[in-house]
Amino acid sequence: LQPLAAFKDKINVFSGFKVFLDGKANGVHFSGCQGTLTGSVPAGGPGNQVGISPSIDTLIAEVIGTRTRFRSLEAACAGNAIHSQSRRTGSVVNPAEVSPAAMYTRIFGPEFTDPNAATFAPDPAVMVRQSALSVVGNERQSFTRRLGASDKARLDEYFTSLRELEKQVDMQLQKPAPLEACKVPAATDLAVIGTEVATVRENNRVFSKLLAHALACGQTNVINIAFADATSSLRKVGGTHTHHESTHEEPIDPVAGYQLQVAWYYDQIMSSYAETMAILDGIKEGDRTLLDRTVLMATTDISYAKLHGLENLPVITVGGANGRLKTGLHISAKGDPTARVGLTLQQALGVPVSTWGTESNQTSKTITEVIA
């Protein structure tokens, strides 16, 4: 936690929580994140997504992300779009952007409308897109009558995405409200992809800056950053031994009492988290900062890596969600499901839910100590 010391008063640390498997196989490097972020773990062992629920970011986006251009934005710092932990359903993952340059174009490219611009004129290309979407929607009813149940379900997922696209198009045809904190960042040409820690940290820094400005400019209210893949392929510059391999193979130092190389990786990851915090905290919104008006949740897939442990999984939040959360607290549980953290954040951000999770991970017990 030392790299986060500058933000101690804005952080909540949750310890002693766990993910319950309920007799299922531990999908190592996946069950932990899924249990924390979706309140459920897969049936059938590693790689099987049966029974996985939507992740909390998508549930929250259903409430606070419906009037923004992007319902959510995802980034993967180590260069693989499938590293995203954001799920619509068990089988539908919100893919992450791997190139900061492509992310810049997506957010602040030709389709971006500056909310502080003096004039506004709808883009004719957007108007054409709106007409094309209307045609597709009109053909839906006759087409679905010829489908079976599973195909109808898949088509419903498609049309859910289509409706979101229609809403985005509608918003692009309206002049946005001015936002004092909105400043369009300088374009970036950074497109280096790799798993060397220095590269991943730089991608995280640039992604964090772009996503912070996307929040400040009203382009989205929900962001996701995957610092690395679940099995952590991070490696030192010029090295071939990965973070994952070190967690299993490095002996515990007899003097320090822990794995020195693994600790170095932890320091790099947490220092990057602090950089993301600093970027959000550096943007003023009225009498607060963007960080104060946001809540970031950080978690991982396992506790003690050598054993792929799911007990005492660390969860850290930063930011007060615009006064809805108290901060500067350490909440210690005794084996409660990590879903309690997810339920608490959902309620704080306005999701109408009283119970969340499945089987032993299900909970209706919020963490009242952090609710403002």
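Just above, that's the structure.
The following paragraphs examine the structure supplied in this document. Since the structure is predicted, the reported quantities are computational estimates derived from the model, not experimental observations. (Residues numbered from 1 in each chain as written. Predicted model: local features only at pLDDT ≥ 70, side-chain atom pairs only at ≥ 80, totals over all residues. Heavy atoms only, no water.)

**Description of the packing of helix α3 (residues 100-108) against helix α7 (residues 197-216)**
Going by this rule: Axis lines are fitted to C-alpha atoms, over the contacting stretch for helices. Their N-to-C directions set the angle, which ranges from 0 to 180 degrees. Here a strand is any run of E in DSSP of at least two residues, a helix any run of H or I of at least four, and the numbering for each starts at the N terminus. For classification purposes, angles smaller than 35 degrees are called roughly parallel, those larger than 145 roughly antiparallel, those between 65 and 115 roughly perpendicular, and all remaining angles oblique. Two residues qualify as a contact provided that any one of their heavy atoms is within 4.5 Å of a heavy atom in the partner residue. Gly is put with the polar residues, along with every residue not named as nonpolar or charged; the nonpolar set is Ala, Val, Leu, Ile, Met, Phe, Trp, Tyr, Cys and Pro, and the charged set is Asp, Glu, Lys and Arg.
Here α3 crosses α7 at 5°, and the two axes come no closer than 10 Å. Put simply, α3 runs roughly parallel to α7. Contact residues: Pro100, Met103, Tyr104, Ile107 and Phe108 in α3; Asn203, Val206, Phe207, Leu210, Leu211, His213 and Ala214 in α7. Looking at side-chain class alone, the contact of α3 with α7 contains 10 nonpolar, 2 polar and no charged residues.

**Quick look at the nonpolar core**
For clarity, the threshold we go by: Throughout this description, the term nonpolar core refers to a set of buried Ala, Val, Leu, Ile, Met, Phe, Trp, Tyr and Cys residues connected via side-chain atoms within 4.5 Å. Only protein chains enter the accessibility calculation, which uses a 1.4 Å probe; a residue is then buried when its area is under 20% of its type maximum, exposed when over 50%, and partly exposed in between.
Ranked by internal contacts, the top residues of the largest apolar core, which has 44 residues, are Leu4, Ile11, Met103, Ile107 and Met277. Residue assignment for this core shows that the elements contributing at least two residues are β1 (11-15), β2 (73-76), α3, α7, α9 (260-281) and β7 (315-318). Of the residues forming this core, the biggest block, 10 residues, is contributed by α7. For Met277, the residues in contact, after removing those within four places along its chain, are Leu4, Phe7, Ile11, Leu291 and Val318. Ranked by size, the runner-up nonpolar core spans 21 residues in total, among them Leu325, Ala339, Leu343 and Val370.

**What to know about a nonpolar patch on the surface**
Here is the rule we go by: Each patch is built from residues lacking any salt bridge and having more than 30% relative accessible area; the joining distance is 9 Å for like charges and 5 Å for nonpolar side chains (Val, Leu, Ile, Met, Phe, Trp, Tyr). Only the protein chains shown count as cover for residues, and the accessible areas themselves come from Shrake-Rupley with a 1.4 Å probe. Salt-bridge detection follows one rule: a side-chain nitrogen of Lys or Arg within 4 Å of a carboxyl oxygen of Asp or Glu.
Where nonpolar side chains cluster on the molecular surface, the patch consists of Ile252, Tyr304 and Leu307 and spans about 320 Å² of accessible area. Examined against the element boundaries, Ile252 turns out to sit in the loop between α8 (243-249) and α9. Residue classification places Ile252 among the partly exposed positions, given a relative accessible area of 46%.

**Focus: the environment of Thr220**
Filter applied, for reference: Each polar contact in these results corresponds to two N or O atoms within 3.5 Å; when the atoms are within protein, one needs to be able to donate a hydrogen and the other to accept it, and residues that are neighboring in sequence are counted only if both atoms are side-chain atoms.
Structurally, the position occupied by Thr220 is in the loop between α7 and β3 (223-226). Taking the C-alpha atoms as reference, Thr220 lies 9.0 Å from Thr66; in sequence the two are 154 residues apart. Look past the residues within four positions of Thr220 in its chain and what remains in contact with it is Thr68, Phe70, Arg71, Ser72, Leu73, Ala214 and Leu215. From its side chain, Thr220 meets the backbone oxygen of Phe70 in a polar contact 2.9 Å long.

**Topic: the packing of helix α2 (residues 56-64) against helix α10 (residues 339-348)**
For clarity, the cut-off: Here is the rule for handedness: rotate from the far helix to the near one, and if that takes an anticlockwise turn smaller than a right angle the crossing is left-handed, while a clockwise turn gives right-handed.
In the contact formed by α2 and α10, the axes pass within 10 Å of each other and the chain directions differ by 10°. Compared by their axis directions, α2 and α10 come out roughly parallel. Our pair here, α2 against α10, has a crossing hand that is right-handed. Contacts from Ile56, Leu59 and Ile60 in α2 reach Gly342, Leu345 and Gln346 in α10. Its residues placed into classes, the contact of α2 with α10 shows 4 nonpolar, 2 polar and no charged.

**What about the sheet that holds β1?**
Remark on secondary structure: sheet strands pair via backbone hydrogen bonds, oriented parallel or antiparallel. What counts here: Two strands make a pair as long as DSSP finds a minimum of two bridges between them.
The sheet built from 4 strands is open, its strands ordered β6-β7-β1-β8 with mixed pairing. Looking at the sheet topology across the chains shown, the edges are occupied by β6 (296-299) and β8 (329-332). Going from strand to strand, the sheet's axes swing by 15° on average, the running direction of each strand aside. Note: β1 against β7, 4 bridges, orientation antiparallel. Directly across from Phe14, in β7, lies its bridge partner Val315.

**Description of the packing of aromatic side chains**
Two descriptors summarise a pair of aromatic rings, namely the distance from one centre to the other and the angle between the planes of the rings. Under the convention used in this document: Under the pairing criterion, centres of Phe, Tyr and Trp rings, with the six-membered ring standing for Trp, must be within 6.5 Å; the plane angle then separates stacked pairs below 30 degrees from edge-to-face pairs above 60, leaving the rest tilted.
Going through the model one piece at a time under the given rule, you end up with 4 aromatic pairs. Measuring from ring centre to ring centre gives 6.3 Å for Phe14 and Phe17, while their planes differ by 70°; the resulting arrangement is edge-to-face. There is no split in this pair, since Phe14 and Phe17 are both buried. A ring pair is formed by Trp264 and Tyr265, whose centres lie 5.1 Å apart and whose planes are at 80°; its orientation type is edge-to-face. Residue Trp264 is classed as partly exposed on the basis of its relative accessible area of 30%.

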